[in-house]
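# Summary of structural features
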Amino acid sequence: GGEIVKEIYMPVGTPDVAPYLAQVVGVTADAVYVFSGGADAIRFVKTYKEYGLSGKLPLLAYNTLVDDILLPAMGDAAVGIISVGTYSAALDTPESRAFVQDYEARYNGWPSAHSERGFVAAQLVAAAIDLLKGEVADRAKLRDALRNAVTKILPPRGPIRFDRYQQAITPVFVTKVERRGNRLVNAVIDRIPETSQEESWKWWNK
(Lines give C-alpha, C1' and ligand atoms only; values in the text may rest on other atoms or scores of the structure.)
Protein backbone atom coordinates (compact mmCIF):
# COMPACT_ATOMS: atom_id res chain seq x y z
CA GLY A 1 0.00 0.00 0.00
CA GLY A 2 3.02 2.31 0.06
CA GLU A 3 4.21 4.65 -2.67
CA ILE A 4 7.72 4.75 -4.16
CA VAL A 5 8.48 8.44 -4.62
CA LYS A 6 11.91 8.05 -6.28
CA GLU A 7 14.17 5.26 -7.57
CA ILE A 8 17.94 5.73 -7.81
CA TYR A 9 20.20 3.09 -9.40
CA MET A 10 23.80 3.12 -8.20
CA PRO A 11 26.13 0.85 -10.23
CA VAL A 12 27.95 -1.92 -8.39
CA GLY A 13 31.48 -0.84 -7.51
CA THR A 14 30.73 2.90 -7.51
CA PRO A 15 33.75 4.47 -5.76
CA ASP A 16 31.91 7.67 -4.78
CA VAL A 17 28.27 7.34 -3.73
CA ALA A 18 27.89 11.02 -2.83
CA PRO A 19 26.30 12.07 -6.17
CA TYR A 20 23.61 9.45 -5.68
CA LEU A 21 22.91 10.42 -2.09
CA ALA A 22 22.74 14.06 -3.14
CA GLN A 23 19.62 13.04 -5.07
CA VAL A 24 18.05 11.85 -1.81
CA VAL A 25 18.51 15.17 -0.05
CA GLY A 26 15.24 17.07 -0.15
CA VAL A 27 13.13 14.04 -1.12
CA THR A 28 9.91 13.86 0.86
CA ALA A 29 9.58 10.27 2.00
CA ASP A 30 9.10 8.16 5.12
CA ALA A 31 12.23 6.07 4.60
CA VAL A 32 14.93 4.96 2.16
CA TYR A 33 15.30 1.30 1.14
CA VAL A 34 18.60 0.13 -0.30
CA PHE A 35 19.88 -3.17 -1.68
CA SER A 36 23.65 -3.35 -1.59
CA GLY A 37 26.48 -5.43 -0.17
CA GLY A 38 30.21 -5.74 0.40
CA ALA A 39 32.41 -2.68 0.00
CA ASP A 40 29.52 -0.85 -1.71
CA ALA A 41 27.43 -1.26 1.44
CA ILE A 42 30.19 0.11 3.68
CA ARG A 43 30.63 3.18 1.47
CA PHE A 44 26.88 3.76 1.28
CA VAL A 45 26.22 3.51 5.02
CA LYS A 46 29.14 5.75 5.97
CA THR A 47 28.25 8.40 3.37
CA TYR A 48 24.56 8.26 4.37
CA LYS A 49 25.62 9.15 7.90
CA GLU A 50 28.01 11.88 6.71
CA TYR A 51 25.19 13.53 4.74
CA GLY A 52 23.09 13.67 7.91
CA LEU A 53 20.39 11.53 6.31
CA SER A 54 20.23 8.86 9.01
CA GLY A 55 18.59 11.32 11.39
CA LYS A 56 16.01 12.38 8.80
CA LEU A 57 15.17 9.32 6.71
CA PRO A 58 15.29 5.89 8.36
CA LEU A 59 17.37 3.44 6.35
CA LEU A 60 15.76 0.10 5.53
CA ALA A 61 17.47 -2.73 3.67
CA TYR A 62 17.90 -6.36 2.81
CA ASN A 63 20.38 -7.73 5.32
CA THR A 64 23.30 -7.88 2.88
CA LEU A 65 23.66 -4.14 3.57
CA VAL A 66 24.45 -4.74 7.23
CA ASP A 67 25.86 -8.25 7.08
CA ASP A 68 27.41 -9.15 10.44
CA ILE A 69 30.90 -9.28 8.91
CA LEU A 70 30.51 -5.71 7.57
CA LEU A 71 29.36 -4.05 10.80
CA PRO A 72 32.85 -3.58 12.32
CA ALA A 73 33.93 -1.59 9.23
CA MET A 74 30.75 0.53 9.33
CA GLY A 75 30.96 1.41 13.00
CA ASP A 76 28.21 3.47 14.59
CA ALA A 77 27.08 4.74 11.16
CA ALA A 78 25.13 1.48 10.95
CA VAL A 79 23.27 1.88 14.25
CA GLY A 80 19.50 1.99 13.78
CA ILE A 81 19.40 0.45 10.29
CA ILE A 82 16.48 -1.97 9.98
CA SER A 83 16.87 -4.91 7.62
CA VAL A 84 15.18 -8.16 6.76
CA GLY A 85 16.72 -11.54 6.01
CA THR A 86 16.82 -15.23 6.86
CA TYR A 87 19.43 -15.12 9.64
CA SER A 88 21.22 -12.97 12.21
CA ALA A 89 24.06 -14.17 14.40
CA ALA A 90 22.27 -12.42 17.28
CA LEU A 91 19.33 -14.85 16.98
CA ASP A 92 18.82 -16.32 20.44
CA THR A 93 18.03 -20.00 19.92
CA PRO A 94 20.00 -23.05 21.12
CA GLU A 95 20.90 -24.00 17.54
CA SER A 96 22.04 -20.50 16.64
CA ARG A 97 24.02 -20.02 19.85
CA ALA A 98 25.86 -23.30 19.25
CA PHE A 99 26.55 -22.39 15.61
CA VAL A 100 27.87 -18.94 16.52
CA GLN A 101 30.04 -20.35 19.31
CA ASP A 102 31.62 -22.96 17.03
CA TYR A 103 32.06 -20.51 14.15
CA GLU A 104 33.64 -17.84 16.33
CA ALA A 105 36.02 -20.33 17.91
CA ARG A 106 37.32 -21.31 14.47
CA TYR A 107 37.18 -18.00 12.56
CA ASN A 108 37.44 -15.39 15.34
CA GLY A 109 34.28 -13.59 14.24
CA TRP A 110 30.54 -13.98 13.95
CA PRO A 111 29.01 -15.85 11.01
CA SER A 112 27.13 -14.02 8.28
CA ALA A 113 23.82 -15.08 6.78
CA HIS A 114 25.85 -16.57 3.92
CA SER A 115 27.77 -18.71 6.41
CA GLU A 116 24.52 -19.97 7.91
CA ARG A 117 23.12 -20.84 4.49
CA GLY A 118 26.26 -22.81 3.67
CA PHE A 119 26.00 -24.63 6.99
CA VAL A 120 22.34 -25.51 6.39
CA ALA A 121 23.18 -26.80 2.90
CA ALA A 122 25.89 -29.01 4.38
CA GLN A 123 23.46 -30.27 7.03
CA LEU A 124 20.95 -31.14 4.33
CA VAL A 125 23.48 -32.97 2.13
CA ALA A 126 24.81 -34.97 5.08
CA ALA A 127 21.28 -35.93 6.17
CA ALA A 128 20.37 -37.02 2.63
CA ILE A 129 23.51 -39.18 2.36
CA ASP A 130 22.62 -40.77 5.69
CA LEU A 131 19.12 -41.57 4.43
CA LEU A 132 20.64 -43.30 1.40
CA LYS A 133 23.30 -45.03 3.51
CA GLY A 134 25.94 -43.51 1.23
CA GLU A 135 24.44 -44.83 -2.02
CA VAL A 136 24.22 -41.59 -4.02
CA ALA A 137 24.67 -42.79 -7.62
CA ASP A 138 20.94 -42.64 -8.43
CA ARG A 139 20.17 -38.96 -9.04
CA ALA A 140 16.40 -39.34 -8.66
CA LYS A 141 16.80 -41.06 -5.30
CA LEU A 142 19.29 -38.43 -4.18
CA ARG A 143 16.86 -35.65 -5.16
CA ASP A 144 14.06 -37.31 -3.17
CA ALA A 145 16.39 -37.83 -0.21
CA LEU A 146 17.29 -34.14 -0.18
CA ARG A 147 13.60 -33.28 -0.16
CA ASN A 148 12.86 -35.71 2.67
CA ALA A 149 15.93 -34.86 4.74
CA VAL A 150 14.88 -31.25 5.25
CA THR A 151 12.67 -32.26 8.19
CA LYS A 152 15.58 -34.02 9.88
CA ILE A 153 17.94 -31.08 10.22
CA LEU A 154 18.05 -28.25 12.77
CA PRO A 155 19.11 -25.04 11.00
CA PRO A 156 20.34 -22.17 13.20
CA ARG A 157 17.51 -20.02 11.80
CA GLY A 158 14.84 -22.58 12.73
CA PRO A 159 12.94 -25.27 10.78
CA ILE A 160 12.62 -24.96 7.01
CA ARG A 161 10.78 -26.97 4.37
CA PHE A 162 10.40 -26.98 0.59
CA ASP A 163 7.48 -25.87 -1.55
CA ARG A 164 6.47 -27.64 -4.75
CA TYR A 165 9.22 -25.81 -6.66
CA GLN A 166 11.88 -26.83 -4.09
CA GLN A 167 12.17 -23.25 -2.87
CA ALA A 168 12.82 -23.04 0.85
CA ILE A 169 9.92 -21.97 3.05
CA THR A 170 11.82 -20.30 5.86
CA PRO A 171 11.47 -17.97 8.81
CA VAL A 172 12.47 -14.39 7.97
CA PHE A 173 13.75 -11.99 10.60
CA VAL A 174 13.41 -8.21 10.91
CA THR A 175 16.52 -6.85 12.60
CA LYS A 176 17.85 -3.53 13.85
CA VAL A 177 21.53 -2.69 14.23
CA GLU A 178 22.34 -2.07 17.90
CA ARG A 179 25.51 -1.74 19.91
CA ARG A 180 25.86 -4.34 22.65
CA GLY A 181 29.00 -3.70 24.63
CA ASN A 182 31.85 -3.47 22.13
CA ARG A 183 29.98 -5.31 19.37
CA LEU A 184 27.47 -4.13 16.77
CA VAL A 185 24.71 -6.69 16.21
CA ASN A 186 21.62 -7.19 14.08
CA ALA A 187 19.17 -7.51 16.96
CA VAL A 188 16.02 -9.45 16.06
CA ILE A 189 12.95 -7.24 16.55
CA ASP A 190 10.37 -9.34 14.69
CA ARG A 191 9.97 -12.73 13.05
CA ILE A 192 7.90 -13.65 9.99
CA PRO A 193 7.33 -17.43 10.08
CA GLU A 194 6.88 -19.80 7.16
CA THR A 195 7.82 -17.28 4.45
CA SER A 196 7.34 -18.54 0.89
CA GLN A 197 8.82 -16.94 -2.22
CA GLU A 198 5.96 -18.27 -4.30
CA GLU A 199 3.30 -16.82 -2.01
CA SER A 200 5.17 -13.51 -1.65
CA TRP A 201 5.91 -12.89 -5.33
CA LYS A 202 3.63 -15.35 -7.16
CA TRP A 203 5.94 -15.17 -10.17
CA TRP A 204 5.24 -18.79 -11.11
CA ASN A 205 1.54 -17.95 -11.39
CA LYS A 206 2.03 -15.12 -13.88
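Refer to the preceding data block for the structure.
### Considerations on the environment of histidine 114
Structurally, the position occupied by histidine 114 is in helix H5 (residues 113-131). On the basis of relative accessibility, which here comes to 43%, the residue histidine 114 falls in the partly exposed class. With 42 residues separating them along the chain, histidine 114 and proline 156 place their C-alpha atoms 12 Å apart. Histidine 114 has contacts with Thr64 and Asp67, leaving out every residue within four places of it along the chain. A polar atom in the side chain of histidine 114 sits 3.0 Å from the side chain of arginine 117.

### Concerning the side chain of threonine 86
Summarising the element assignment, threonine 86 is placed in the loop between strand E3 (82-85) and helix H4 (94-107). Side chain to side chain, threonine 86 and arginine 117 meet in a polar contact 3.1 Å long. Not counting the four nearest positions on each side in its chain, threonine 86 is found in contact with Asn63, Arg117, Arg157, Thr170, Pro171, Val172 and Phe173.

### Structural notes on empty space enclosed by the protein
Where empty space is left can be seen by rolling a probe of water-molecule size over the atoms. One pass over the structure, following the stated rule, counts one cavity of 30 Å³ or more. Estimated volume of the largest cavity: approximately 50 Å³. Forming the boundary of the largest cavity are Asn63, Val66, Asp67, Asp68, Tyr87, Ser88, Ala113, Thr175 and Asn186.

### Remarks on the layout of surface pockets
Empty space within the largest pocket amounts to approximately 720 Å³. In this structure, the largest pocket is lined by 25 residues; those nearest its centre are Lys6, Ile8, Val32, Tyr33 and Val34. Every element with two or more residues in the lining of the largest pocket is listed here: helix H1 (18-22), strand E1 (32-34) and helix H2 (38-50). Residues of the lining of the largest pocket, tallied by class, amount to 19 nonpolar, two polar and four charged. Estimated volume of the second largest pocket: approximately 440 Å³. Lining the second largest pocket are 15 residues, with Tyr62, Thr86, Val172, Gln197 and Trp201 sitting closest to its centre. Elements that contribute at least two residues to the lining of the second largest pocket include exactly E3, strand E5 (168-180), strand E6 (183-195) and helix H7 (197-201).

### Things to note about the nonpolar core
Formed by 24 residues in total, the largest nonpolar core has its most connected members in Tyr48, Leu59, Leu65, Val66, Met74, Ala78 and Ile81. Every element with two or more residues in this core is listed here: E1, H2, strand E2 (59-62) and helix H3 (71-74). Setting aside residues no more than four positions away along its own chain, leucine 59 makes contact with Val32, Val34, Phe44, Tyr48, Leu65, Ile81 and Ile82. Within the second largest apolar cluster, 11 residues are counted, among which are Ala89, Leu91, Ala113 and Ala187.

Basis of the calculations
Residues numbered from 1 in each chain as written. Predicted model: local features only at pLDDT ≥ 70, side-chain atom pairs only at ≥ 80, totals over all residues. Heavy atoms only, no water. Helix = DSSP H or I, 4+ residues; strand = E, 2+ residues; numbered from the N terminus. Buried < 20%, exposed > 50% of the residue type's maximum accessible area, 1.4 Å probe, protein only. Contact = heavy atoms within 4.5 Å. Polar contact = N/O pair within 3.5 Å; in protein donor to acceptor, adjacent residues only side chain to side chain. 1 Å grid on protein atoms, 1.4 Å probe; cavity = no way out; pocket = protein on both sides within 12 Å on 5 of 7 lines; lining within 4 Å. Points joined across faces, edges and corners; volume = space filled by probe spheres on them. Nonpolar A, V, L, I, M, F, W, Y, C, P; charged D, E, K, R; others polar. Core = buried A, V, L, I, M, F, W, Y, C linked by side-chain atoms within 4.5 Å.

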